[in-house]
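# Observations on the three-dimensional arrangement
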Amino acid sequence: MKRTMKTLLLLVAVVAAALLFSGCGSTQNVGVLDVNKVMTDSPKVKQFQDQLNTKGKELSDQLEKDKPNISAEEFQKRQEAAYNEFLKMKQDMEGQIDTSIKQTLEQVAKDKKMSIVLYKNGVAQGGTDITDEVISKLQ
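Residues numbered from 1 in each chain as written. Predicted model: local features only at pLDDT ≥ 70, side-chain atom pairs only at ≥ 80, totals over all residues. Heavy atoms only, no water.

Of regular secondary structure, the chain possesses five helices and three strands. Looking at the chain as a whole, 20% of its 139 residues qualify as buried. Within the chain, counting contacts between residues at least 6 apart in sequence, those at least 24 apart form 78% of the total. In the form shown here, the chain has an accessible surface area of approximately 10,500 Å², with 55% of it arising from carbon and sulfur atoms. (Helix = DSSP H or I, 4+ residues; strand = E, 2+ residues; numbered from the N terminus. Buried < 20%, exposed > 50% of the residue type's maximum accessible area, 1.4 Å probe, protein only. Contact = heavy atoms within 4.5 Å. Areas by Shrake-Rupley, 256 points an atom, 1.4 Å probe, with all protein chains shown as cover.)

Next comes the structure, spelled out in structure tokens:
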């Protein structure tokens with residue numbers, strides 16, 4: 001009986017030490033980010049969207065201007081080329097936005113000593129919402 005009790009106590013001590021050293025016994029600062037809000041409220045994202053809209057309008061206006069002077073086949077070729085140019089610009093801007101958000105998020109998380117940042121739509125409750133701070137620093 002005494003041997004079983006000693007073994008049980010030793011096992012409990014080992015488990016407690018493992019939890020302590022693995023960090024499970026410590027509290028972690030968890031951040032939450034609402035990406036949809038960042039995409040709608042950030043002035044930098046709006047600036048990218050405005051640039052994209054302006055480019056799209058320029059391409060469309062140029063096509064309409066040239067339409068009467070070119071054949072239907074040439075118009076379709078130019079239309080496809082304009083669409084491909086627009087898509088490439090859109091992808092480039094999306095990449096720039098994504099990079100900017102990630103860099104800003106990393107900085108905010110570091111400043112607030114957060115070990116984890118989750119997307120808000122995947123969190124039922126808890127965590128510290130850092131969305132507004134990311135938006136304000138995303139300039």
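This part is about the pattern of salt bridges. The final tally for this structure, using the stated rule, is 13 salt bridges. Of the charged contacts, one joins Glu-133 and Lys-137 as a salt bridge, the two residues approaching to 3.9 Å between their closest N and O atoms. On the criterion of helical spacing, the pair formed by Glu-133 and Lys-137 is a turn pair, its members being four residues apart in helix 5 (residues 131-137). Overall, the relative accessible area of 40% leaves Lys-137 in the partly exposed class. Connected via shared salt-bridge partners are Asp-111, Lys-112, Glu-133 and Lys-137. (Salt bridge = Lys/Arg side-chain N within 4 Å of Asp/Glu carboxyl O.)

So, about unusual backbone geometry. Residues apart from glycine generally show negative phi values, whereas peptide bonds are mostly found in trans. A positive phi angle, close to 55°, is found at Lys-113, a residue other than glycine. Tracing the backbone through its elements, the reader meets Lys-113 in the loop between helix 4 (72-111) and strand 2 (116-119).

Detail in the predicted coordinates should be disregarded across regions flagged by low pLDDT. Looking at the chain as a whole, its pLDDT mean stands at 82, while 80% of the residues score no less than 70. Model confidence for the chain, summarised as mean pLDDT per element, is weakest for helix 1 (residues 2-22) at 54 and strongest for helix 4 at 92. (pLDDT = per-residue confidence, 0-100.)

Taken in spatial order, the three strands line up as 2-1-3 in an open sheet, and their pairing is parallel. A strand with exactly one partner marks an edge of an open sheet, and here the two such strands are strand 2 and strand 3 (128-129). Pairing of strand 1 (residues 30-33) with strand 2 involves four bridges; the strand directions are parallel. Across the sheet, residue Leu-33 finds its bridge partner in strand 2, namely Tyr-119. (Pairing = 2+ DSSP bridges.)

This part covers the pairing of strand 1. By the bridge criterion, two bridges tie strand 1 to strand 3 in an arrangement that is parallel. Looking at the pairing, Val-32 lines up with Asp-129 of strand 3.

Looking now at the side chain of Thr-131. Here Thr-131 lies in helix 5. In this structure the side chain of Thr-131 is engaged in a polar contact, spanning 2.8 Å, whose partner is the backbone nitrogen of Asp-34. A polar atom in the side chain of Thr-131 sits 2.6 Å from the side chain of Asp-129. Beyond its immediate chain neighbours, meaning those up to four positions away, Thr-131 contacts Val-32, Leu-33, Asp-34, Lys-37 and Val-38. (Polar contact = N/O pair within 3.5 Å; in protein donor to acceptor, adjacent residues only side chain to side chain.)

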